[in-house]
Structures are given as C-alpha cells and as structure tokens.
Amino acid sequence: MNIRTYISQLIVLVVLMGCDVSQINSPYIEEEGTSSVLYQSFSERPKHLDPATSYSENEYAFIAQIYEPPFQYHYLKRPYQLTPLTASKMPEINYLDSQDNKLVGDVQDHDIAYTDYVIDIQSGIQFQPHPALAKNAQGEYRYHHLSETQIQDVKTLNDFVDTGSRELTAEDYVHQIKRLAHPKIQSPIAEIMKNYIVGFDDFSKQVSSLQKTELRNKSISGVEVIGRYQYRIRIKGKYPQFIFWLAMPFFSPMPWEADVFYEQAGLSNKNITLDWYPIGTGPYLLAENNPNRRMILLKNPQFHTELYPSEGEPGDKQNGLLADAGKKLPFIDKVIFTLEKETIPYWTKFLQGYYDASGIASDSFDQAIQFTGSGGATLTDSMKEKEIKLQTLVEASIFYMGFNMLDPIVGGDSESARKLRQAISIAVDYEEFISIFRNGRGVVAQGVIPPGIFGYTDTKAGINPYNYDWIDNKAQRKKIEEARHLMEEAGYLNGIDPKTKEALILYFDTAAVSVDDRPTMNWYRKQFEKLGIKLVVRGTDYNRFQEKMRNGNEQIFVWGWNADYPDPENLFFLLYGPNSKVKYGGENAGNYQSAAFDKLFEKMRNMDNNEQRYQIIQELQEVVRHDAPWVFGFHPKNFSLFHSWYSNLKPNVMANNRLKYTRIDTLERTEKRKHWNHPQWLPVILTLLVFVCLLVSAIHAYRRSAKETLQ
Amino acid sequence: MVILWTDALIFLLILVVCALGFYWHDKEHIKRPLQKIAASKVGVASLVVLLFFVFIGLLDSVHFKPGQGKNNELISCLDYLAKPLIEQGEKTYSAPFAARLYSKEVIVLDDGTTKWGYPRLVFGGSHLTNPDIELLPDILKKAFYGLAQGVALSGLFMLSYLGIRYQRQNKLARFGEAPASTKTALLVTFIIVSLGYTLIYLSSYYHVFGTDKVGEDVFYQTIKSIRTGLVLGTLTTLIMLPLAIVFGILAGFFQGWLDDIIQYLYTTLNSIPSVLLIAASILMVQVYITNHEQDFTSVIMRADMRLLFLCLILGVTNWTGLCRLLRAETLKLREMEYVQAAHALGVKKSIILVRHILPNLMHIILISVVLDFSSLVLAEAVLSYINIGVDPTTYSWGNMINGARLEMAREPIVWWSLSAAFIFMFGLVLAANLFADTVQNAFDPRHNS
Amino acid sequence: MIQYIIRRFFYAFPLLLGVNILTFVLFFIVNSPDDMARMQLGQKHVTEQSIANWKQQHGYDRPLLWNPKASGEEKVTQTIFYQKSVGLFLFRFGVSDSGRNIGADIQERMWPSLALALPTLIVGLLVDVTFALMMVLFRGGTLEQAGIVLCVALMSISSLFYIIGGQFIVAKVLKLVPISGYDDGLIAIKFLILPVLIGVFSGVGSGVRWYRTLFLEEVEKDYVRTARAKGLSETQTLFRHVLRNALIPILTGVVVILPLLFMGSLIMESFFSIPGLGSYTIDAINSQDFAIVRAMVFLGSVLYVVGLLLTDISYTLVDPRVRLS
C-alpha cells in the first residue's frame, strides 16, 4: 500500500467521521451505492468449501450459493419436493436385473439388481469466470503451467488477472463423482457411496496412488457420460433415496481444469486451494475469502437464467411470496458475511440494523419473543416497534438421550432394564427442558420422526403410549408415580440398588464441559433424582467422549441427528442393528439391536411413500417406543428474525440455496439504520468537562503551593 | 468427615503458617515489621476483611457426607448452614429482593384461566400477601431488624472482648485508650459482622442477590466462590514456594553448571506463553479423570481434582519470577562479609544456607506471596473465560462472570450476577492488595519512607 | 557486540528445542493422532479408512518420538516429532490440522494484533507516566493519597469487567463505536478506539503505581536534591532530571515486551472479534488444533528470546558503562 492510498483512506475517514456522525457505529465502510447488499454473519470459519468434502450447515451457507447439483428442493412447495436445477428434467429411472436387462412393467423389488439414473442437463450453462478456465489467444490454458516466480508473486486468487469461462457439460458432473471416490480427497460420503454406486469402490482403489489431476483419464464403471449433456449413474439394487443425494452439493459439477490448476505445487502454501476458492455455476461467486474476518459473495455475471417459482403452497400468495414470480434470479447483488463469534455483538448489531437477519440465542430470547396465552409465540412490543419479523420452523433433526444397550444396567433386552429405561423416559421431562434451556424452541419428540417427514403424525396415533396419555386432545406426560412404579417393577424400589443398598448410580457421559453447560447438567441430575437415581456426570473433552462412544464405555449420553434428506429411512437407520457403533462403527450410537426392528426396517427402507410404508413406520415406532433405547428428546424449532426490508423468505430445512430468492429494500434499511443509531455524545462531553475541571484545579492548587513555598 | 485433596492442603497450609508464627515468635528481625503492620490502620483493616473471607473459606473446606446414606453427595459445613438457600430455588431469573420472576410467563389463575404476567416466586417474598404494596416496607423493616440484631450481636462480642481485657489488665480499660489500629480492627469487625448478619437475616426471606438462569440463589454462589478464589491464591503459592526457594538459592549459591541448568529450566518455562501451557495441562487432567473414573464418584471430587491441578500448573508457571529474584539476592548475599566469614571458619555449606541465606530472603518471599495472591484470584476469571479455568461445576467468580456475559445482552439486562461477583471479588482483591502494600512497606527496607 | 549476538543466538537453540519437546509431550499425552483426525473429520460417517487417510495426509502416520522399524538415523528422523520440529526451526509452520497454511495465516493475522497492541502500549505508557509524574509532583498531599487508593482500587478489578462494562456502555448504550469488528487500513481506528481505551484503562492502576515507585526512587537521589538546592523549580527537576533518568528502566521494560506484542491479546481480540493472533490461538485451543498451537508456542518463545536480546542491546545503547560479553 502506498502513501496515496493511505491519504485517500484518511480522507474517507475524515469524511465519514465529519459528515456521517449520525451512524458512527456502523461496522461497515464500503459505500453500497445503488447495488443491493445483504449483510450476514458466520460464527465459525468454514473448514472446507470443496463440495466433495464439505458436510456442514455453516459451509453449505456458502457453497450452496456457488455450486449447483442437478436437482434442488422446491423453494415454496410443501411437503418437500425435488425440482430440476441444472438438469432439464427429473431423471429417468430404469431398473435392471442382474444381467443388465431393463425391467419393465410391474417390477418386483427382489428382481432389481441395479438402478440406472439417466440425467439430462440444460445446455448453455456457463461456469463463473475463473483463472483456471482462462485461455490465451492460442486457446491454451493460461495458468495451468505456472512457474515458481509466478506463484511467488501471488497472494490471493484475485491476483490472477485473466479469467475465463466455459460451458457446463455432463463430464463435469462425472468428474465430481470420481473426486468423491478419490481417497486423498476424503469425502465424508465416500464410505456410503461405496455401498451404492457401481464400481465406486474399485475405482477408489484403482486411483488411490494417483494424483487428482489424473482422475480425468480413468473411468468408473457405474458412472458414464452418454452425451455432452447427458450422464448415467448406476447404483446397486434399489435405493429410492438416492435422488436426494443428487440434490446435495456433493454431486455438483467440477471442471477438471480446477484440479489441474489448484494442484500446482506452491499454491497450497498460499492457501489457494479448491477448499478455499470454489468454482461453480451458481448465482453467486466467492469474491473475497478471508475466513479470519469476512467472506463476500458477488452475483455471478455468467449465471444462467433461472426464474422465481410461480407456484407454491396455499397462503404463499397472501404472504407476498409470489410477488416476484417469474422474475429472473437472483435479486441481491452482493452478500457480506462477517465473522461474529460472540453472541452479544451479534445480537446488538442485528438490533442496530447492521445484520439483516438473525437467529435467537437463548439469552436474548425473552427480549424478542413472548408466548401468548394459547402457547403460540409472537414478537415482543419492542421488536414489533422495529417491524422485525419472525419465522419459526421445526428442524428435521432429533436430539435424544441414548442408553448404551451394551451396558449391563441400563442396556440389554431384559424386562428389568426395559422398565428402568421406560421409567427414565417418563422422568426426564423434556417439556421442561425445552422451556428452560430452549425457551420453547422445540417440540417434544414422540418417536424417531420429526414433523414434516413422511410417517409423522400429531394425532393420538402419533404419541408415545409408554410415556404419554392422550388427554383433552393433547399429549400429556405420564405422572411421575407411574415412573416410580416402573422402577419398582424393575427392581429398584425408591431408586435403591438392591446390590449396594444405596441409591442406584448411573453415569451420564458428555463432552459439554463449559460453564454454560452447568445448568443443563444440574437439570439432568434433578430429573433422575425424581426416581431416586443418582446421576454422575462424567464430562470429558470431545475426543475422549468419542472414544468412549466407540468402545461402548458410555452409559447414558445425549446425541443429535440432522436428517440428510427428508425420508424416514435416514432417521430409523440410527437404530438399525448392522449400524451399531461399537461393532461396525456405524451411526447407531446406542448399539440398539432388535431382530423385529431390523426386519421391519429392511422392508421399509426401499419402499416408496405409500399407505403400506406408513403402517410399517408406525410399527417401527412402536417397537422403539416399547424398547426405549432412547429417551426421545425433542425436535429443535428454529426461530429466525429478520428486518422488514428483507423479503421473500420462506423457511425451508432442506434447501440451502435460498439466498437467490430473497430481496432487500435498501432505501428502507438506510432510513431505519439512521433512525436507530443516534450516537450519544453528552456523557463523553460531560466526562471530558469533569476531567478538565479536575486538571485545572490541580494545576491551580500546585501553583498556589509553589508560591507558598517560595514565600 | 471426608477430606478432599485441596482441603488437606489447606489444613497443611494452616499448619505451616502456625509453625512459622511460632518459630518467628521471638525473632526480632521479623517481629519488628510485624509490629509495623499491626500499627497500620489500613493493614489491620484489610487483614480483618481477609480473615473474614478465610473464615468462610474454611467453613467451606470441611466436607462430610450428610447422614441418611441414600444420597452420597458430599457437602461442606457452609452448605449445611446455607441449606435453605440451596433448596429454595426459583424457576429462572429473579431480581434481588424481588417477589416475582423477572420475565413474563403464562400464569394459571385459581379459576383455571391463564394470564400473561410475572408469576410470584416460590421462595423470595413468599410470606407477603400483596407484594406490590408490601414489598418495599417489608424489606426496610426486615433490614432494620436484621441490622439491629447484627449490631446487638457484634456489640455483645465487643463487650466481652473489652471485659476480658479489663480482667487481664485489672484496670479500667477504656476504649479510648486502645491503640488506633486496634480500634480500626474492632470497628471493621463490628461493621462486617453487623452487615453480614443483616444479609443472612434477609436471605431467609428474599434472594438478596437475585437468582440465576435456572433459579439458583446468586448470594449462595458468590459465597461458595470465596473458597475457590482463596484456594487458588494460596495453594498455588504453597506449590511454587518450594520450587522457587530451592532452585533460586541453589542457583545463586553454587553457580556453575547447576546455575546453568536452573536458568535454562526457568527461561524455557518462561518463554512458553503460559495460557497454552495451562490449556495443555487442563486437557491432561481431563484425560486422567476419564481414565480413572472409578476414583471420582462424585462431582465435587472431580471438580476438586481439577482445581488442584490448576493450582499445580499455575504454580509451575509462576515460580520462575520469584526464583529469579531469589537467585539474584542470593548472589548478592553470598558476597556479604558475614557469609564469607562463615566460609572461612569452615562452616558447612548447608548450614550457611539455612542459617544465613534463607532468613535474609524471607522478606522477599513474603512480599511476593502476598503480591501474587491477588493476581492469581484475578487470573482465575480470565482462565475461566477461555474454558481452561476451574471445573464448570465449581462455583467461582470467573464462572459467574463468564456466565453473566450473555446476561448483559438481555433487555432489560440481568445485572445482579455480574454485580455480586464484582463486589465480592473486588472486596477480596482490594483487601489483599492493600494488605500486600502494608506488608511491602513493612518488610522492604527501601520502602521505609 | 556482534559476537555476543551470535552467541546468544546459539544459546537460544537448546531453549527452543526444550520448549518444543515440552509442548510436544504435553499435547501428545492428551491427544493421539487418531483423536486429532476424528476431531477434524467431524461426526458424520467417519470410518477407520478415512482416519488413516487423514493421518497420512497430515504426516501423523509415523511413530511419535522413536521409530523402531526404521534403520540408522531414520529411527529418529522418521518420527512425527522430528518431521514436525524441523519445519518449525526453519519457520515453515506447515498446514494446520484443519487444512490451512499456518505461515500464511500468521503473516496475515499479526498485523491486526499489532494494530491493537502497539497503540495500547504507547498510549498506556504516556498516560501511566503522566499520572505517575503528577502523583510525584503532589507527593505527601491528599491528592496523592487519593491517587494511590484509586490505583489500588482500579488494580483490584478484573480486566473482564472493564471489557464487559466498556463494550456495554460505549458501544451499546451510547452507540459511539461499532460493537465489534475490524477492517484493514486507517479505517481500523474506528474499531480499535474502544479496545485500546479499555486496554489502557485496565492497565492504568498497576502502571501508575509502578512508575510512581520508579520516580520516587529517583527523587530521593542526591543529584535531585542538588538540583533542587540550585533553585530549580519542582516541575523543572521532575522533567529535566527525574524523568530523564527514569527513562532507562522504562524503555528497557518496554523493549522486552515489544516483540511479544505480535502475539496479540487473547481476550480483547476475541471480545471485539479482531482477527489477530490472539483470537487465532484461542480458536486453536478450543478446536484442539495441535499444529497451530505448537506453531504459536514456538513463535512466542522465539519472540521472547528476541525480547531478551533486544533488552541487553538497549542497555548498552542507553548506558555506556554496560558492556556485553
């Protein structure tokens, strides 16, 4: 930076301080101009932005805007429904027998050996401008053979001046699937895909010693480019949920040029990797990537035509969600994500209008939300005054308290242990938990399936009859006496362990050891005390906790699961015997094993959503409720607040690429921000005055004493 | 009675202090500065405050299993005394001296209808029928009663003290004739006892410092935190003193390769950012506790282990400063004529060390102990913020502040946890700082002005 | 002089080696490479194969300190310790466990740290010295007594209170500065004013007291009495003699901590979300990113050694009687 930029910055500063004292506390410095800018925050720096490895909500906040898998969830329609994104239509699905013959007509499940997904993509879609695609006049790639000195001069990706683009082809999608299989990339879903995609495992072994750049010349037997705009994925057997995977960023296109470009030695030392600088076809591109401070998304100038959906759920029209129907996406030009770790600044900035939307931390909750007499949530007056709006949404997740089924006391199939588990299920009052720790932001789970997913019902049939009674058209938790009775039947009268003649001691394993978790742990202890059980909390760090879980040394734990896709299979598999954590390293953390359950599950998982499937799901629920391997905790409810100038928002747990639909009214925002942020100078002036007075009197006193000594 | 590790060390510390006091009883060079401290008003006043904190800390260090056998949780004497405070919890936040919760909730009225409002507290002000009018007069009345009783109680103590003096000296000992510092001490005791009594009296009717998020009494939390602060401040020095003294004197006295090794040791330790060292050690403790689960059946024992380790590791990171000071001073002392003379007379080195060097270092050690105390209490808060301080289940001011951070963002803000922690922590640290000043003035020959 | 510096340089080597061994041992008692892999790979769908891959990629697939399978000198060199330490000594910090280049991150993050720490130091020094001088000027009076009591009181407040209180009042209630954040260039002033002020304020109690004793020591000396006897006024003696002579300990005291300023302030940075090395370290501790922590420990030790060296040199510069040998 030279002197001139400093001077110009100084001028900007003076101008800012001099003229715009009305908003001296603004944390942003750039002028917005006429473009519409959205201000968001992120609390944790993303670890991966490579769609093959990224697998968390906070990373999807970025890459779902940049990368485009062939399909997406419809923004407005409910229940969740897939629509084509870059694909031109929904895939053609063909069932094959073991001789690769296409099955037609009424197909029986056991005949299906393979399933083919034939996907057609639209023509004319362009990648974002990117140096990896830049070509010189001769048509050679400009930056694919960088010299050492060239690399030395580079600090960020923006230092490569030239950029290029090219059309998206089916090969890019296939290339990405090869990347998923490459062991060096360590895709978190590689292990799952091994079981489904034909040839995935072999390919993975075949390329294990090869560089990423060489992937292009190898081929997976099950994934084939058919034409420039058409490719086929062959999976083993029948797996109807596979289509949901195709809507996740894992299956986004990746140009082979990207791997060649980023693999050049020396670039990774500058943090220039695919993990940090994405290259996609989506509505936005990552213009600035400073995970230490902020990330900026800019509108992709090459973005293909995508229109705002023109149909939705009933009621969407009244809510103004269809006002932009048929208009070209996206509406927002620039998104600034600022790193914000502490909740206080985050919340305060939202109230000051410097963030456009906010979640609600438990501690600022009752400032924002109040419950009406009937139990519904509305905004408090101070929020209404600011015209802040509220949206709630039950997430497709479940938080549960699991019992280690391998444990001699709480686990196992014995009647005594089952009664003990059932008693605990009644005693641990998750209604209270939700109201104390989550301020009502949750729905008590009656079984495994969260609302919004096939198989859930909120009628009497949907309650857990072992813990609840249906009274006054509401589920009512059973009285604690019944739990005590169960305890007696289990052999623990008043919670006394007949072996030791003392209170039964159970152990609660957790990695939650920070100060903020102390009340939670006390609460759990209290719940068990109701039954006379003494709960010892064994808090350790995360790694130790994981190790315990792996070895089955835990007794009671709390765990959560966020559904990957809206299908009951993705939740019930958490209790499937062959997914046991200790034996097979799977996701069945409590190591639950039930022959009846496993049989039903195997039947249910490959079915299409129909009445029969619904019935099997209810049977599955019944088995689990009776065995009580979990205390079904709650499904978190997401409350999000946003300012009146932020529109076209509809909650959607599945779609992560919502940004392109939303809109900002910049004028209104500027107006309100000014109104809300009048600096208060008076106390400062007063303090200064007092200080000056003190100083003057001190000098005065000193002068006088000096005079006195002279005389 | 059950003795936890830190309890044992505290008792050991008290023994050491008593032994030292006995040993110094007739040592003129120690006695003179002590008399100087006794003559200083500020010193005596702060000492009384400190002793008061120590008293509470000691009460909290005597642990036992309450009878009944069923519930095998450990409690301390203080818990026993404060039983009503522990048991009388509320649902969530309530302000100091409040009779209602701090946030609105759906209240079910007697006739079955629901209302949106502030529900009454279970414990705080539950003796009032109409808190809206009666609350303030009742608080004032209760405060007055409490104060009157407190004054009477402490007055009784004073009188009996004066009575003993009168008997001993067998003449009319009027209060006016006592030395000024004694008067200060009595006055401070009088104030503390009266105020303390008033608080205790009030706390049996109200939550004097309010309640926290899960409705736990904040007054109880602050009181419990005293022990944590004291343990960290004192046990850490107990751990670092032997290290610093032995290494410091050896390095200074023998020099040569021994000096080189010791210098290498403390420069290495010094150059590691201490926060990182502490973080690593705390992780280690957690692993240790996980691997030896059967030894830690109760929450208190786990927390105690972590506290002890924190003291240990703070001791290890803190001894270097004192060690360097002692080394420098020893270097100076060994060139002194009387030490040289002892050498010449063929006195054994170990005897020279114990007879001539160590006693002359005592003032440095003493000063650094009192100076370190307050900084350790303050450090605890910062460490808790980074989650590498005391166990989260331990009551400590650091944990309170850390939890209160988020409360400041609420509107209306929840200020009492932070204020309570502030007042008590400030009280302890201020007293310690003032006392440290007096000690420094009394012992440091340069501060004789 | 140059010889001395070179010798100090060689002394530093065993020191840094010691630091490195210590941190290495401390962290690996706690964490096995498997743990680290699991930590970084997250919760969902983690298999033994992916852990092995991760270890291989991050160079944790060797034995820790001693490789019995290798031959000759490779018994030592083919270990995690050797492989990871050599890089440190060459200031090649490698890749963090979460996959970013540490060296690049440190280079980027040390400037915000410095931008916060340096003004805090300078302003703090000025304020502390001014107030200390005033107290010396009014020594023996009630003003000084009040000052001392105030200093002790300020010292007795935990720095967390200053931060929480300052942020609450200035940023939230008065809306005078952004509540947190940072930006490059001069505009950073807007974000730094409050943290610097708080930093100065929380250090003022102990600082003023320390400088006061320094000045008082100086005031008692004979030459000051002589100066006063010559008829110089109190202010003149203070500024001409006392301050000038006290400057030596003040400056050398500052020089020691100068290099360490790069390490940043742990708490201030995370409270005000300033992207410096302090918050970097805290994040690393919280996410147990061993590679970053070790790099920061090493860096801290190097800077400490540099600080000691600078002090020695500055002694010779200000006081010609001191010779380095």
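Residues numbered from 1 in each chain as written. Chains lettered and ligands numbered in written order. Predicted model: local features only at pLDDT ≥ 70, side-chain atom pairs only at ≥ 80, totals over all residues. Heavy atoms only, no water.

Participant: Would you mind going over the nonpolar core with me for this structure?
Facilitator: One recurring pattern in soluble globular proteins: nonpolar side chains tend to sit buried together. Core analysis: the largest hydrophobic core is formed by 186 residues, its most contacted members being Leu310, Ile357, Ile388, Trp397 and Ile401 of chain B together with Phe215 of chain C. A domain split of this core shows at least three residues from each of domain 1 (2-90) and domain 2 (110-318) of chain C. (Core = buried A, V, L, I, M, F, W, Y, C linked by side-chain atoms within 4.5 Å. Buried < 20%, exposed > 50% of the residue type's maximum accessible area, 1.4 Å probe, protein only. Domains from an automatic or database assignment.)

Participant: Explanation requested: the interface of chain B and chain C in the structure shown.
Facilitator: Note on interface size: it is often stated as the accessible area lost on association of the parts. Counting residues at the interface gives 42 residues for chain B, matched by 41 residues for chain C. Three residues stand out in chain B for area buried against chain C, namely Ser271, Leu276 and Tyr385 of chain B, and they jointly supply 16% of the buried area on that side. Here chain B and chain C share one salt bridge between them. Where Asp437 of chain B meets Arg209 of chain C, a salt bridge forms, and the shortest distance between an N and an O atom there is 2.9 Å. At the level of secondary structure, the elements contributing two or more residues to the side of chain B that touches chain C comprise α9 (256-271), α10 (274-291), α13 (349-385), α14 (397-407) and α15 (416-443) of chain B. By residue number, the principal contributor to the side of chain B that touches chain C is α15 of chain B, which donates 10 residues. (Contact = heavy atoms within 4.5 Å. Buried area = accessible area lost by both parts, 1.4 Å probe. Salt bridge = Lys/Arg side-chain N within 4 Å of Asp/Glu carboxyl O. Helix = DSSP H or I, 4+ residues; strand = E, 2+ residues; numbered from the N terminus.)

Participant: Is there a simple way to explain helix α21 (residues 666-676) of chain A in this structure?
Facilitator: One turn of an α-helix holds 3.6 residues; hence residues three or four places apart share an orientation. Residue and element names in this part refer to chain A. Thr666, Arg669, Lys672, Arg673 and Trp676 are the residues of α21 that are buried. Around the axis of α21, the buried residues are gathered within 130° of arc, so they sit on the same side. Turned more than 90 degrees away from the buried face of α21 sit Leu667, Glu671 and His675, all of them exposed. Of the surrounding secondary structure, the elements contacted by the buried residues of α21 are β1 (37-42), α9 (343-351) and β24 (663-664). (Arc of directions from axis to C-beta.)

Participant: Would you take a moment to explain the sheet that holds strand β10 (residues 334-339) of chain A for this structure?
Facilitator: Picture the strands of a sheet paired through backbone hydrogen bonds; they go either parallel or antiparallel. Residue and element names in this part refer to chain A. Across the sheet, which stays open at both edges, the four strands sit in the order β1-β10-β9-β8 with mixed pairing between neighbours. Of all the strands in the sheet, the pair left with one neighbour each is β1 and β8 (284-290). Looking at each pair of strands side by side, their axes are set apart by 20° on average, direction ignored. Taken together, the six bridges between β8 and strand β9 (residues 294-299) define a ladder with antiparallel strand orientation. Bridge pairing in β9 links Leu285 to Leu298. (Pairing = 2+ DSSP bridges. Axes fitted to C-alpha atoms, helices over the stretch in contact; angles between N-to-C directions.)

Participant: I would appreciate a short explanation of the interface of chain C and chain A in the present structure.
Facilitator: At the interface, 61 residues of chain C touch 62 residues of chain A. Summing the contributions of chain C and of chain A, the shared interface buries around 5,500 Å²; its carbon and sulfur component is 53%. Taken together, the connections running from chain C to chain A amount to three salt bridges. The partner of Asp184 of chain C in a salt bridge is Arg293 of chain A, and the shortest N-O contact between them spans 3.4 Å. Counting residues per element, the ones that place at least two in the side of chain C that touches chain A are α2 (33-41), α3 (48-58), α6 (102-137), α8 (159-173), α9 (188-219), α11 (234-257), α12 (266-271) and α13 (277-286) of chain C.

Participant: What is the right way to read the packing of helix α10 (residues 222-229) of chain C against α11 of chain C from this model?
Facilitator: The axes of two packed helices give the description: the angle between them and the distance between them. All names here are of chain C. Contact geometry of α10 with α11 gives a least axis separation of 10 Å together with a crossing angle of 155°. Relative to α11, the element α10 lies roughly antiparallel. Taken as a pair, α10 and α11 cross one another with a handedness that is right-handed. Facing Tyr223, Val224, Ala227 and Arg228 of α10, the residues of α11 in contact are Glu234, Thr237, His241, Val242 and Asn245. A class-by-class count of the residues in the contact of α10 with α11 yields four nonpolar, three polar and two charged. (Parallel < 35°, antiparallel > 145°, perpendicular 65-115°, else oblique. Left-handed = near helix turned anticlockwise from the far one by under 90°. Nonpolar A, V, L, I, M, F, W, Y, C, P; charged D, E, K, R; others polar.)

Participant: Please explain the domain arrangement of chain C as it appears in this structure.
Facilitator: Residues and elements named next belong to chain C. The domain boundaries assigned to chain C delineate domain 1 (2-90) and domain 2 (110-318). Averaged C-alpha coordinates put domain 1 and domain 2 at centres separated by 36 Å. Taken together, the 21 residues of domain 1 in the interface contact 17 residues of domain 2. Between domain 1 and domain 2, roughly 1,700 Å² of surface is buried when both sides are summed, and carbon and sulfur atoms account for 72% of that area. Along the contact surface separating domain 1 from domain 2 lie zero salt bridges. Applying the counting criterion to the domain 1 and domain 2 interface returns two residue pairs in polar contact (both at pLDDT 80 or more). Those elements that provide at least two residues to the side of domain 1 that touches domain 2 are α1 (2-30), α2 and α5 (80-89). Broken down by element, the side of domain 1 that touches domain 2 gets its largest block of residues, 12 residues, from α1. (Polar contact = N/O pair within 3.5 Å; in protein donor to acceptor, adjacent residues only side chain to side chain.)

Participant: Hey, could you run me through the pattern of salt bridges in this one?
Facilitator: Think of it this way: side chains of opposite charge can pair up when their charged atoms draw near. All names here are of chain A. For the coordinates displayed, the defined rule picks out 57 salt bridges over all chains. Between Arg477 and Glu431 there is a salt bridge, and its shortest N-O distance comes to 2.8 Å. Placement of the pair is Arg477 in strand β18 (residues 474-477) and Glu431 in helix α13 (residues 430-437), with a sequence separation of 46 residues. With a relative accessible area of 15%, Arg477 lands in the buried category. By sharing partners, the salt bridges in this structure join Asp413, Glu415, Arg418, Lys419, Glu489 and Asp627 into a single network.

Participant: For this particular structure, what's the right way to read the packing of α11 of chain C against helix α14 (residues 290-318) of chain C?
Facilitator: Residues and elements named next belong to chain C. Across the interface, α11 lies against α14 with an axial gap of 8 Å and an inter-helix angle of 155°. Comparing the axis directions of α11 and α14 gives the class roughly antiparallel. α11 and α14 meet at a crossing whose hand is right-handed. Contacts from Ile248, Thr252, Val255 and Val256 in α11 reach Gly307, Leu310, Thr311, Ser314, Tyr315 and Val318 in α14. When its residues are assigned to classes, the contact of α11 with α14 shows six nonpolar, four polar and no charged.

Participant: How should I be thinking about the packing of aromatic side chains in this particular structure?
Facilitator: Aromatic rings in a pair are described by how distant their centres are and how their planes are angled relative to each other. If you walk through the whole model with that rule in mind, you get 70 aromatic pairs over all chains. Between Tyr592 of chain A and Phe597 of chain A the ring centres are 5.8 Å apart and the planes differ by 75°, which places this aromatic pair in the edge-to-face class. Owing to a relative accessible area of 0%, Phe597 of chain A belongs among the buried residues under this scheme. Ring geometry for Phe13 of chain C against Phe89 of chain C: centres 5.1 Å apart, planes inclined by 45°, an arrangement best described as tilted. Of this pair, Phe13 of chain C sits in helix α1 while Phe89 of chain C sits in helix α5, placing them 76 residues apart in sequence. A relative accessible area of 22% means that Phe89 of chain C is categorised as partly exposed. The structure contains a cluster of three or more aromatic residues connected by ring pairs, namely Phe399, Tyr430, Phe433, Phe437, Phe508, Trp523, Tyr524 and Phe634 of chain A. Lys142 of chain B extends its terminal NZ or CZ atom over the ring of Tyr205 of chain B, reaching a point 4.3 Å from the ring centre. One cation-aromatic arrangement involves Lys84 of chain C over Tyr60 of chain C; the distance from NZ or CZ to the ring centre is 4.3 Å. (Phe/Tyr/Trp six-rings, centres within 6.5 Å; stacked < 30°, edge-to-face > 60°. Lys NZ or Arg CZ within 6 Å of the ring centre and 35° of its normal.)

Participant: Got a minute to help me understand the environment of Leu574 of chain A in this structure?
Facilitator: Residue and element names in this part refer to chain A. Within the secondary structure, Leu574 is located in the loop between α17 (569-572) and α18 (581-584). Residue class for Leu574 comes out buried when judged on its relative accessible area of 1%. Residues Leu574 and Ile556, 18 residues apart in the sequence, show an inter-C-alpha distance of 16 Å. Beyond its immediate chain neighbours, meaning those up to four positions away, Leu574 contacts Trp561, Glu587, Asn588, Ala589 and Trp630.

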